[in-house]
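Here are the chains, one letter per residue:
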Amino acid sequence: MSFVDLLSESMPLLLDGLALTLQLSAVSLIIAMVLGILASLMGMSKNPVLRAINRAYVAIIRGTPLLVQGFFIYFGITGMLNIRISAFMAGVIALSLNAGGYLSEIFRGGIQAVDPGQREAARSLGLSAHQTTWRIIIPQAIRICIPSVVNQWCITIKDTSIISVIGLAELTKVGQQIIARTYRSFEVWIIVGIMYFVIIYLLTILARVVERKVSLDA
Amino acid sequence: MPKVEIRGLHKYFGENEVLKGIDCDIETGEVVCVIGPSGSGKSTFLRCINCLEEPTSGTIMVDGNIMDAEAKNIDTLREDVGMVFQQFNLFPHLSVIKNITIAPVLRKKMDKAEAERVGLELLARVGLADKANAMPNSLSGGQKQRVAIARALAMRPGLMLFDEPTSALDPEMVGEVLDVMRQLAEEGMTMVVVTHEMGFARQVASRVLFIDGGLIAEEGTPEQVFGNPQNPRTQTFLNQVLEA
């Protein structure tokens, strides 16, 4: 089978896999962003219990491999509770919990990186703590966070490939299936790699445009 | 009633006692310049007045209202106390005019158009009418500080605090900021100015406080403090800064 035949034969399957990868990424990242914001707020809370919960969450996510987290959710928890969830659902839970932990640290870092003089200036004008946070601190923190957030998005999109081990037919899994049939490991992994690369590359271009749009440099 | 009444002000940072019992009244219309060696507590003293630092003990009253960072009305009380910082602290994500209008719009519920009209007037006063739509990062240090003054004035405060407003400026830009402050003093604004600009203090101050080691070591008119200092520490300090 020529390369062109291989390509044309496997492309529909690979595109299905890519679509699933993108769905898994998008759903997980949306949930992860919300989770990350909530967790970072907990991390900066005055309440020591909320801070402790955030610290434990981040420590567990950082301290264990995503692969183990995925197995634990798909096999461990479901076995323990004697329930069944779809591989997609398990993937979304694992990826969003994982990315949420890292994003919460990124958001916390961004907020704490805003010059304390900004808060002082706002409060000295009479702005309330709430107005200061939302009008002065958050808009600057978002700008600081953008590169690290985009970086985390890239990582999570690629991490969806790890979810292939629980049987979800995303891009990497589809690649494996095609190789199992055709034995064309070299070509198929190049094609799969290019497909990931293009997605990530488009995302970073988009991010650079946004970053330039909101830049504060004169 | 004095504009500001300070009684028994002590401030600790951890174990370190920065202010060791300051009593001081500031009358409406006074321009008080605070001088002293670095680390003497003069900036902390200023920052206690609008409660950016919370006193460890003692009271600060502005117009008879106790300034307490935990009090419900602290935001309202701060509206009357403008502050200008050494590092300007303009909001870099907002244009110059938005920097000026954000507080009147949010706090005084001023109509946006009205706030902009007032803001443009203030910008004209500090000589920056053409910079309304510029972003802060495109301005020079002197321009930033003049915008910061206009921003504070937009709340129509009865008292203005200046925390070393020219210390972060290149020498050629000090004059433009001091000119704005001098004009403000002539218009009768009550001002407390922590400064190393002895010329400005001598010329503009109605009273000079020399703070050393967390205490007011000497106070009086500029003539008294600069011309005939009584405390040997004042003499030493003035000799050091005036010779330099």
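Because the structure is a prediction, the values reported are computed rather than measured. (Residues numbered from 1 in each chain as written. Chains lettered and ligands numbered in written order. Predicted model: local features only at pLDDT ≥ 70, side-chain atom pairs only at ≥ 80, totals over all residues. Heavy atoms only, no water.)

Looking at the overall build of chain A
Selection criterion: Put simply, DSSP marks the helices as runs of H or I at least four residues long and the strands as runs of E at least two long, and each gets a number from the N terminus on. Three exposure classes are used, based on accessible area relative to the maximum for each residue type with a 1.4 Å probe and protein chains only: buried under 20%, partly exposed in between, and exposed over 50%. What makes two residues a contact is simply this: any of their non-hydrogen atoms within 4.5 Å. Each accessible area is a Shrake-Rupley result for a 1.4 Å probe, and residues are judged covered by the shown protein chains and nothing else. Neither His nor the chain termini are counted; the positive set is Lys and Arg, and the negative set is Asp and Glu. Every charge is mapped to an atom, namely NZ of Lys, CZ of Arg, CG of Asp or CD of Glu.
The secondary structure content of chain A amounts to 8 helices and 0 strands. Principal-axis analysis of the C-alpha atoms gives chain A an extent of 75 × 50 × 20 Å. Here chain A, with 218 residues, has 44% of them falling under the buried criterion. In chain A, the share of contacts with a sequence separation of at least 24, taken over all contacts with a separation of at least 6, comes to 76%. For chain A, the exposed area adds up to about 11,500 Å²; of that, 69% sits on carbon and sulfur atoms. Charge-centre separation for chain A: the mean point of 17 positive side chains lies 11 Å from the mean point of 11 negative side chains.

Let's talk about the interface of chain B and chain A
Cut-off, in case you're wondering: By buried area we mean the combined loss of accessible area, with a 1.4 Å probe, across both parts when two parts are placed together. We count a salt bridge whenever a side-chain nitrogen from Lys or Arg sits within 4 Å of a carboxyl oxygen from Asp or Glu.
Listed per partner, the contact involves 25 residues of chain B and 21 residues of chain A. Surface buried jointly by chain B and chain A totals about 2,000 Å² across both partners, of which 60% is contributed by carbon and sulfur atoms. Sorting the residues of chain B by area buried against chain A places B:Phe91, B:His93 and B:Leu106 first, and these three jointly supply 30% of that buried surface. For the pair chain B and chain A, the interface holds 2 salt bridges. The partner of B:Arg47 in a salt bridge is A:Glu120, with the nearest N and O atoms 2.7 Å apart. If you list the elements that add at least two residues to the side of chain B that touches chain A, you get helix H2 (74-79), strand S6 (81-84), helix H3 (96-107) and helix H5 (141-153) of chain B. When residues in the side of chain B that touches chain A are grouped by element, the largest group, 4 residues, is from H3(B).

So, the sheet that holds strand S4 (residues 57-62) of chain B
All names here are of chain B. Under the convention used in this document: We treat two strands as partners when DSSP finds at least two bridges between them. The convention used is that axes are lines fitted to C-alpha atoms, helices contributing only their stretch in contact, and that angles between N-to-C directions extend from 0 to 180 degrees.
Read from one edge of the open sheet, 4 strands run S2-S1-S4-S5, paired in antiparallel fashion. Of all strands in the sheet, those with a lone pairing partner are strand S2 (16-26) and strand S5 (65-66), marking the two edges. Pairing analysis gives 2 bridges linking S4 to S5, with the strands arranged antiparallel. Paired with Met 61 across the bridge in S5 is Ile 66. Each of strand S1 (4-13), S2 and S4 is contacted by helix H1 (residues 42-49), which is oriented at about 120° to S1, the strand it contacts most.

Side note on the sheet that holds strand S9 (residues 207-212) of chain B
Residue and element names in this part refer to chain B. The mixed open sheet is built from 6 strands, whose spatial order is S6-S7-S8-S3-S9-S10. Looking at the sheet topology across the chains shown, the edges are occupied by S6 and strand S10 (215-220). Strand-to-strand twist in this sheet, taken as the mean axis angle between neighbours without regard to direction, amounts to 20°. When S6 meets strand S7 (residues 159-163), the two strands line up parallel, connected through 4 bridges. Following the sheet pairing, Met 83 is matched in S7 by Leu 161. Sitting on the sheet, H5 touches S6 and S7, and the angle it makes with S6 is about 170°. Relative to the sheet, helix H9 (residues 232-243) contacts strand S3 (31-35), S9 and S10, its axis offset from that of S9 by approximately 100°.

Remarks on the confidence of the model for chain B
Here is the rule: pLDDT expresses, on a scale from 0 to 100, how confident the predictor is about each individual residue.
The pLDDT averaged across chain B works out to 95; a share of 100% of its residues lies at or above 70. Of the two predicted TM-score estimates for the complex, the pTM is 0.87 and the ipTM is 0.93.

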